[in-house]
Every structure is written in structure tokens, then in C-alpha cells.
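An overview of the molecular structure
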Amino acid sequence: MVSENPFSSSKRSPSPKFSNSFTNRIFSDVAGDITIVVDGDSFLLHKFPLVSRSGKIRKMVADAKDSNVSKMELENFPGGSHTFELAMKFCYSMNFEITPANLAPLRCAAEYLEMTEDYRDENLIERTEVYLNDIVLQSLEKSVEVLSTCEMLPSIAEEVGIPSRCIDAIAINACKEQLVSGLSRLDCDAESTELKSGCIEWWIEDLSVLKIDYYERVICAMCKVGVRSDSIIASLMHYAQTSLKGIGKYQIWNPSKVKQSPSMAENDQCSIMATLVSLLPAEKSSSIPLSFLFGMLRMSIMLDATIACRLELERRIAFRLEMVSLDDLLIPSVRSGDSLFDVDTVHRILVNFLQRIEEENVDCGYESDGLGSSGYGSLLKVGRLIDAYLAEIAPDPYLSLQKFIAMIEILPDYARVIDDGLYRAIDIYLKAHAILSEHESKKLCKFIDCQKLSQEASNHAAQNDRLPVQMTVRVLYFEQLRLKNAISGNSGDGFLSQRISSGVPSAVMSPRDNYASLRRENRELKLEISRMRVRLSELEKEQMYMKQGMIDKSGNGKTFLTSLSKGIGRIGIFSSPTGGRRQKSSRKYRGSEGKPGRNRRSFVS
């Protein structure tokens, strides 16, 4: 703080001294002729120094019925008795120090006492204005300190414009600090990480001392002058962590820890929560940490904040749901008698996410990238995330079947390429809820697509006695088809030919489902073609080695190659899809040794 001693009288008289009495503060040198009471404290003063500088006291003395009035009271004096004492020192031309801590009360007291230039040159209003403009408003730190003192003053502080001028000064100085910080970062070498980390705005911590009303006005002013959004987000996070106890990621599982905030009422915290959420930058800004958003969401649930506040946080989280971790979704439920986890909140977040995907697909259209774009990749990530979430909440004995099913069926079919995660979650739920009826088990297991189970999951399901009989039979049936296709040489990873020939994708699937199914089948076909290429390459290498070996040993490799061609012609990979013309194929191969192999390689490519 800058120390100032601007109140030295040019005609220095013997300096009177205040007594240390709590109830009566009088000048000991000369007997006073008027007593002024402020906030219960009495000051024995002299009329002449007061009326020569204060218009209010002059009017009060002039308006008094008794010209010999010796006592008067000043009600609602800004800053209290301590500030009044400083103002009286100024009237007596006594030296004292103006600081950012007492500037706002002194300026308001001068306005209250009408200490203008009409009564004396360089009166208290003028002296405080000079200090405010020349010292305080040039410094961000001092502006914040003065602004914080205005919170305890009556509306007179707004009338003289101290808060608005301090807020504008804070925003402008923060913008200047941003430019200086940017230049400092440019000067930093690539290796000087410590210097770069020290370039973070220092004013972020200073703003946390402000009450929420002034803080909101400061942030809005910063947005107008162009302060970076990442700096504003950092300030919002610091303010939330300072004002809302328990905002940390793992510190609010116990609601009692939040409600026992030592210095703030619950309604004040709700007001702070709503204000901070309203101050967050646009949702497209990815610089807001998801852990902070989830911390705010959990805090809003604990405090029972407004519905609008909670929905806004859920919408912001849904915008980046594919980046969320499983631990973030495990939001505890605060309602007694309900499930251990807040499934309803996660359900609403998922609904918002699917609406966002829907809007993106409508904008780009199905004929363009559509679901093949990043939106479809995000959907697949969320599908795996929700399956993992279902597996985590499945052991909850209080989780109703209705909520569990609602979380399963909200995701479209094309969000899961493989149903192993869903099968695992359902199996855990069946194990933890053994009292489910046969009908309820069937209702739950119908969401599992047996054709989308891996070999390992199918083997487990075939021996799982918790599943309904119909489910087990269905798994065994598709396992038999898988085995049959593997024996016949077709792909055993799926049932593409059966599903396509049955007309299911085009008959009952929506355009979105049909498109996703075709993309999945296309990927599986490409994988099978790659496998065929590998097998073909291995057979060609083996043929070349065996031919070279027989020539070296007997010099007669033609007979052996002819017999080898017969064997290769019988292998299923070179046979027709129907498998009925193998002998004809081998005769063609025997008629011209090298050409069919090259033709097949061209077809596979």
C-alpha cells in the first residue's frame, strides 16, 4: 500500500489529541462546545472548525431552534465512528494516512458531511478524489481492495460512483496484465517451463475476496474489454473453490460436509452457484475442465440449487460427454430411500448428448459423413462409457429395474458394435437382484443381441444359469451358426449374409440404423478380406518353397506341382461361395498353373 500524508495544515496550530475513552472522545487541550454522537460514540468538538468545512454540520447548527445547541447526532454515518474520527482530524488539519482500506469510507463520509469546495479549497471530497484517481485506479490490486470495502457501505458509495469506477479500472488493468503476460510468454524459451508457469495472472486470487455481486460485475466488465476466456474460467474456478466448500472432485460424497460450511448460509451458496454458472463462457469452449463442471453439478445437487442451474450444468457436460470418465458419472444420490447413485441426472445428460448428435446429423445429412464422422465416433465412446456405468451401478440393491432398463434402451442399437459390456452389466444386475421374476429377467435380457456377442461372451452366456432359458437357447443357436460358418470357410465373426439376406436392415430398421449396420458390415468384410490376403500370401510362399525343394532334389517338379495344384484347388478359400464346383475349379487350375492364382489375387484386392 502507498502511504500518503496529504492533510497537513499550512498554518500549523498546536495539535489537539483525542482521548482513548471508548464512550467519550474529546480534545484535551481546549474545552469543546459541541458534542456529536456517531454510532453511540460521543465526540466533544468545536463548532468553528466543523462548520468551516462541513456543509451538513453548518446547516444543522443553523437550523437548530436553540442557538446554544451543544449536542447533535449523525445517523447512518458511512464507515462508523472510526471514519468520523478521521474526518474530524481533517477538519482540525491533523495529519493522518489515506490508504485503500479507508479511502471509500472517507469519500462517503465527505459526501455525507458535504465537505465540498464551496466551503474550503482542497476539501475532503477533493483530496479523496485525487487519491482515488491518481493512486487507486491505476492499480488493479488497490482497486480490488477499495471495491471490497464498498460492500460494507450504504448506497452512498454507489451514488458517488466508487464501485463502478473501481470495476472498470480492474477490467482495464486486467487487460493490460494480459498483454504483459502474453509478451512474457513470448520471451520465455521452450525449456523455461518454470518461467511460463509464473506468467499466470496473479489477480485471479485477489478477486476471490469480493462478494458475489461485485464479482459478477467485475467478470462482466472483463468480458466486455476482451480478457481471455481461459483467465476468466480460472478465476471462476478459484472463486468457486474459495466460496463453496467441498467443490473438489472427491470431497462432496457426504452431504453433511457441504451443509456445515463455516461462514456462509446455504441460500448464499445457492446464489453463488447460480451466478457462477451464468458467468461461464459459451458451451463450445473446451477449456472448462470437466472435473470442475461435475464438481459444480454435485454441489448444486447437494444444495438443492435451482432447476435452471442444474440443467445448464448438465447441458454443458453433455456437450463433451465422450470425454467424461466413469468416476465422473458416479454421482451420489442425496435422497433417502433412493438408489445409491443419481441415475436420473446421468439419464438427462445422456438425453442431451443424443439430442446434440441428432442435431449434428441433421446438419450434415446421412449422405455425407453422417454417422461416419466424429459424431459417430463420439457415440461409440459414449456407448462403451454407459455400459461401464451400468456395470458399476448394477450391484446397487436399491436400483429399480425400470431405471436400469431406461439407461439401456435410451442408447440406439448402432451405439454398440459389440454387446459384451451390456451383457456383463445385465449379468451383474441379475446376480445382485436374484428376486427378479422370470418375466422381468426376459424383459431385461431382450436388449442383448446374441449376434453381437464375442466368442468369449457367448461361451459364458451358454453356461450362465442366471439367464432365462430362451436367452440360453438363442445364444446356443447363434453359436451353432457361427460354428457352421467357420467350418464352411465363411467368416465366423458375424452373420452378415444371414442378416442382409433376411431383409432386416431395409425392412424394419430406420435410415440411421440401416446406415450404421451397413458401415459395421463393411468393416467386417474388409477385415475378412485382409485375412484372406494373409492366407493367400502364406500359401503362395509355401508353394514356392516346396517347388524349389523338389527341383533341387529330383529335378522333376512338374508332377509334384500338378498334384499340389489339385490340393490347393480343394481348399475352401479358392472354392466358390456355394461350395459345389470344386472339381471344376481344380481342373481349371491344372490346365493353366500360374494364371488362376493371379486372377484370384486381383479379385481379392
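Parameters and conventions
Residues numbered from 1 in each chain as written. Predicted model: local features only at pLDDT ≥ 70, side-chain atom pairs only at ≥ 80, totals over all residues. Heavy atoms only, no water. Helix = DSSP H or I, 4+ residues; strand = E, 2+ residues; numbered from the N terminus. Buried < 20%, exposed > 50% of the residue type's maximum accessible area, 1.4 Å probe, protein only. Contact = heavy atoms within 4.5 Å. Areas by Shrake-Rupley, 256 points an atom, 1.4 Å probe, with all protein chains shown as cover. Core = buried A, V, L, I, M, F, W, Y, C linked by side-chain atoms within 4.5 Å. Pairing = 2+ DSSP bridges. Expected span 1.5 Å × (residues − 1). Salt bridge = Lys/Arg side-chain N within 4 Å of Asp/Glu carboxyl O. Polar contact = N/O pair within 3.5 Å; in protein donor to acceptor, adjacent residues only side chain to side chain. Axes fitted to C-alpha atoms, helices over the stretch in contact; angles between N-to-C directions. Parallel < 35°, antiparallel > 145°, perpendicular 65-115°, else oblique. Left-handed = near helix turned anticlockwise from the far one by under 90°. pLDDT = per-residue confidence, 0-100. Patch = residues over 30% accessible without salt bridge, like charges linked within 9 Å, V, L, I, M, F, W, Y side chains within 5 Å. Lys, Arg positive; Asp, Glu negative; His and termini not counted. Charge placed at Lys NZ, Arg CZ, Asp CG, Glu CD. Phe/Tyr/Trp six-rings, centres within 6.5 Å; stacked < 30°, edge-to-face > 60°. Lys NZ or Arg CZ within 6 Å of the ring centre and 35° of its normal.

1. Here we look at the overall build of the chain
- A tally of regular secondary structure across the chain gives 30 helices and 4 strands.
- Looking at the chain residue by residue over its 605 residues, the buried ones come to 45%.
- For the chain, the share of sequence-separated contacts (at least 6 apart) that also reach a separation of at least 24 residues comes to 70%.
- Carbon together with sulfur atoms contributes 52% to the accessible area of the chain, which is approximately 31,900 Å² in total.

2. Focus: the nonpolar core
- Ranked by size, the top nonpolar core spans 147 residues in total, and within it Ile 36, Tyr 215, Met 222, Leu 276, Leu 350 and Phe 404 carry the most contacts.
- The element best represented in this core is helix H19 (residues 374-393), accounting for 10 residues.
- Setting aside chain neighbours within four positions, we find Tyr 215 in contact with Leu 207, Leu 210, Ser 235, Leu 236, Tyr 239, Leu 276 and Leu 279.

3. Some remarks on the pairing of strand E3 (residues 41-45)
- Counting buried residues along E3, 4 of its 5 residues qualify, which places the element largely inside the surrounding structure.
- Linking two consecutive strands that pair antiparallel, namely strand E2 (residues 34-38) and E3, is a turn of 2 residues; a positive phi of about 55 degrees is found at Asp 39 within it.

4. Digging into helix H15 (residues 290-303)
- Spanning 14 residues, H15 covers 20 Å between terminal C-alpha atoms, matching the ideal 20 Å at 1.5 Å per step.
- Burial analysis of H15 places 13 of its 14 residues in the buried class, which makes it a mostly covered element.
- One or two residues past the end of H15 sits Asp 304, with phi positive at roughly 55 degrees.

5. Overview of unusual backbone geometry
- Positioned with a positive phi, Asp 39 is a non-glycine residue whose angle comes to about 55 degrees.
- Checked against the element boundaries, Asp 39 lands in the loop between E2 and E3.
- Residue Asp 39 is classed as exposed on the basis of its relative accessible area of 53%.
- Despite not being glycine, Glu 114 shows a phi value in the positive range, around 55 degrees.
- The residue Glu 114 is located in the loop between helix H4 (100-113) and helix H5 (124-136) in this model.

6. Some words on the pattern of salt bridges
- As enumerated under the stated definition, the model contains 16 salt bridges in all.
- A salt bridge links Arg 107 to Glu 129; its shortest N-O distance comes to 2.7 Å. One end of the pair, Arg 107, is in helix H4; the other, Glu 129, is in helix H5, with 22 residues separating them in the sequence. In this structure, Arg 107 and Glu 129 share a single accessibility class: buried.
- Arg 228 is the salt-bridge partner of Asp 230, the closest N and O atoms lying 3.3 Å from each other.
- In this structure Asp 230 comes out as partly exposed when scored by relative accessible area, which is 40%.

7. Observations regarding the side chain of Ser 52
- Position of Ser 52 among the secondary structure elements: in the loop between helix H1 (47-51) and helix H2 (55-63).
- The buried category is assigned to Ser 52, whose relative accessible area is 12%.
- Here Pro 49 takes part through its backbone oxygen, which lies 2.8 Å from a polar atom of the side chain of Ser 52.
- Not counting residues within four places of it along the chain, the set of residues in contact with Ser 52 comprises Arg 58, Tyr 119 and Arg 120.

8. Some words on the packing of H4 against helix H6 (residues 140-150)
- The geometry of H4 relative to H6 is characterised by a closest axis approach of 8 Å and an angle of 50 degrees between their N-to-C directions. On the basis of the axis angle, H4 is oblique to H6. For the pair H4 and H6, the crossing hand works out as right-handed. Here H4 contributes Pro 100, Ala 101, Leu 103, Ala 104 and Pro 105 to the contact with H6, which in turn contributes Lys 142, Glu 145, Val 146, Thr 149 and Cys 150.

9. Observations concerning the confidence of the model for the chain
- Counting all residues, the mean pLDDT for the chain is 77, and 69% of those residues have values of 70 or more.
- In the model of the chain, helix H30 (residues 595-604) stands out as the element of lowest mean pLDDT, 36, in contrast to H5, which has the highest, 96.
- Scored below 50 in pLDDT, residues 365-372 shows 15 contacts in the model against residues more than four places distant or in partner chains.
- Per-residue pLDDT stays below 50 along residues 491-509; that stretch engages in 29 contacts with residues further than four places along the chain or on separate chains.

10. A word on a negative patch on the surface
- Taken together, Glu 117, Asp 118, Asp 121 and Glu 126 make up a surface patch of like negative charges.
- Within the element layout of this structure, Glu 126 appears in helix H5.

11. Describing the packing of aromatic side chains
- In the structure shown here, the tally under the stated rule is 6 aromatic pairs.
- An angle of 15 degrees between the planes, with centres 4.4 Å apart, marks the rings of Phe 404 and Tyr 429 as stacked. Of this pair, Phe 404 sits in helix H20 (residues 401-409) while Tyr 429 sits in helix H21 (residues 420-432); the two residues are 25 residues apart in sequence, bridging distant segments of the chain.
- Grouped by ring-pair contacts, the aromatic residues Phe 43, Phe 77, Phe 84 and Tyr 112 constitute a single cluster.
- Stacked on the ring of Phe 319, the Lys or Arg Arg 356 has its end atom at 5.3 Å from the ring centre.

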